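A closer look at the structure
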Amino acid sequence: MLLSSLRTTFLCGCRNAGRGLQHSNTRSPQLRQWLVKRGQSTITAEAGASSAPAATTVPNAASNRILGRWLVGCSGLVVGAVVLGGVTRLTESGLSMVDWHLVREMKPPQSQAEWEAEFSKYQQFPEFKIMNRDMTLPEFKFIFYMEWGHRMWGRLVGLAYILPTVYFWRKGYFNRSMKGKVLGLCGFVFFQGLLGWYMVKSGLEEKPESYDVPRVSQYRLSAHLGSALLLYCASLWTGLTLLLPTPKLTESKRLLQLRRFAKGTGGLVFLTALSGAFVAGLDAGLVYNSFPKMGERWIPDDLLAFSPALKNFFENPTTVQFDHRILGISSLAAITGLYMFSRRMILPRRAKIAIGLLTAMAYGQVALGISTLLLYVPTPLAATHQSGSVALLSLAIWVLAELRKMPK
């Protein structure tokens, strides 16, 4: 405003001076024309500036850092949900809440009458009838709070994705590509919640022809875990690519081979983690608690006991454990090979650190897995092993982010 006032005062002075010159000196028409044109052009420019709309926020380096931190934080919440879900599974708490309500169940039972009513509903389902006939109300409260905490954490994850998305969208932080990505992530969070309830329902169904321990379908459990891992990987990858500067790598044939090797290794780590869901769903960690052999044999006799043969890979606990062992050892061998291959190349310091940490974590994860097996799957150790699989996957994604191509 001050600048505009000064300009107006100056222009008025110029016009008055021009009039004075016109009266006092009619011999200088060129000077008068210059002053008139100068005043008209300045007024036109100011009018255009005052009528122009206010500039909107556009994505830049600062906004990308904010978005990157947000998505990395969201991926951390997803890790919490995965770990808490694993503990819920290990403590056999997942079937304690027999209803699913998005809002109403956010408040747990308060009075003694409400707890007894909730316990009475649980008693109508197979898990209580077959496994927990002697369960007391305090014991039920423990497993109920475990599952309730897992579900509330899932709602927290949903809010952490959806509310900031609305805010950043209105602020103009997203470009066209990011809009599609965040919409996909938010939709995936909603799908994950529905898939979780679909999984729980499989453990609440009456199965008169079966006398087995009630448990959720290993197929639905694997789908639930797999979708959570996909959500985590997508969030972490997008966040890291926004936060980390693009690596300055000289494109070469060896770098292309290393990049492909790292992608294949990351896929193998993901597949190994997913196979762990089948191990958990079938309690396959309790069938052969020896290593490196399974019992007295390298290849057990009942590996293909089911018919047709394909059914063994998803429903036979022996085959599921055998597959998980093979995938774990293969992941360790692939990561070791990736480390040795990278040592013969000139890479940025951060890329070398990422590959080194990935290798160290792989050996630690295998040691955790063997210990969990030999000790008959104690809950703290099994939960640590599951958390280790997510940590290993995180490091694999970091390696891929450090080796990504420079955008054109």
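This text follows the structure it describes.
Right, let's walk through the structure included here. Model, not experiment: these values are computed from the prediction. (Residues numbered from 1 in each chain as written. Predicted model: local features only at pLDDT ≥ 70, side-chain atom pairs only at ≥ 80, totals over all residues. Heavy atoms only, no water.)

What follows is about the packing of helix H3 (residues 61-90) against helix H13 (residues 379-402). The N-to-C vectors of H3 and H13 enclose an angle of 150 degrees; their axes lie 10 Å apart at closest approach. In terms of their interaxial angle, H3 and H13 are classed as roughly antiparallel. The hand of the H3/H13 crossing is right-handed. Residue-level contacts link Val-79, Val-82, Val-83, Gly-86, Val-87 and Leu-90 of H3 to Thr-379, Ala-382, Ala-383, Gln-386, Ser-387 and Val-390 of H13. (Axes fitted to C-alpha atoms, helices over the stretch in contact; angles between N-to-C directions. Helix = DSSP H or I, 4+ residues; strand = E, 2+ residues; numbered from the N terminus. Parallel < 35°, antiparallel > 145°, perpendicular 65-115°, else oblique. Left-handed = near helix turned anticlockwise from the far one by under 90°. Contact = heavy atoms within 4.5 Å.)

So, about the packing of aromatic side chains. Scanning the entire structure with this criterion turns up 22 aromatic pairs. Between Phe-140 and Phe-144 the ring centres are 5.8 Å apart and the planes differ by 50 degrees, which places this aromatic pair in the tilted class. With Phe-140 and Phe-144 both in helix H6 (residues 137-171), this residue pair falls four residues apart, about one helical turn. Neither residue differs from the other here; Phe-140 and Phe-144 are each classed as buried. One aromatic cluster is present, formed by Trp-115, Phe-119, Tyr-122, Phe-128, Phe-140, Phe-144, Tyr-145 and Trp-148 through successive ring pairs. One residue, Arg-220, lies across the ring of Tyr-198, its end atom 3.7 Å from the ring centre. (Phe/Tyr/Trp six-rings, centres within 6.5 Å; stacked < 30°, edge-to-face > 60°. Buried < 20%, exposed > 50% of the residue type's maximum accessible area, 1.4 Å probe, protein only. Lys NZ or Arg CZ within 6 Å of the ring centre and 35° of its normal.)

On to a nonpolar patch on the surface. Side chains of Tyr-219, Leu-304, Leu-310, Phe-313 and Phe-314 sit close together on the surface and give an oily, nonpolar patch of about 490 Å² of accessible area. With respect to the secondary-structure elements, Leu-310 resides in the loop between helix H9 (253-281) and helix H10 (312-315). Under the relative-accessibility criterion, Leu-310 is labelled exposed at 59%. (Patch = residues over 30% accessible without salt bridge, like charges linked within 9 Å, V, L, I, M, F, W, Y side chains within 5 Å. Areas by Shrake-Rupley, 256 points an atom, 1.4 Å probe, with all protein chains shown as cover. Salt bridge = Lys/Arg side-chain N within 4 Å of Asp/Glu carboxyl O.)

A separate point is the nonpolar core. Among the nonpolar cores identified, the biggest contains 64 residues, and Leu-67, Trp-70, Tyr-161, Leu-347, Leu-358 and Leu-403 are the most heavily contacted of them. Elements represented by at least two residues in this core include exactly H3, H6, helix H7 (176-204), helix H8 (218-243), H9, helix H11 (317-342), helix H12 (349-374) and H13. With ten residues, H8 is the single largest residue contributor to this core. Apart from residues no more than four positions distant in its own chain, Leu-403 is found in contact with Leu-249, Leu-258, Arg-259, Ala-262, Leu-347 and Ala-351. Counting ten residues, the second largest nonpolar core, distinct from the first, contains Met-97, Trp-115, Leu-137 and Ile-143. (Core = buried A, V, L, I, M, F, W, Y, C linked by side-chain atoms within 4.5 Å.)

What follows is about the side chain of His-224. Tracing the chain through its elements places His-224 in helix H8. His-224 gets classed as buried once you look at its relative accessible area, which sits at 14%.

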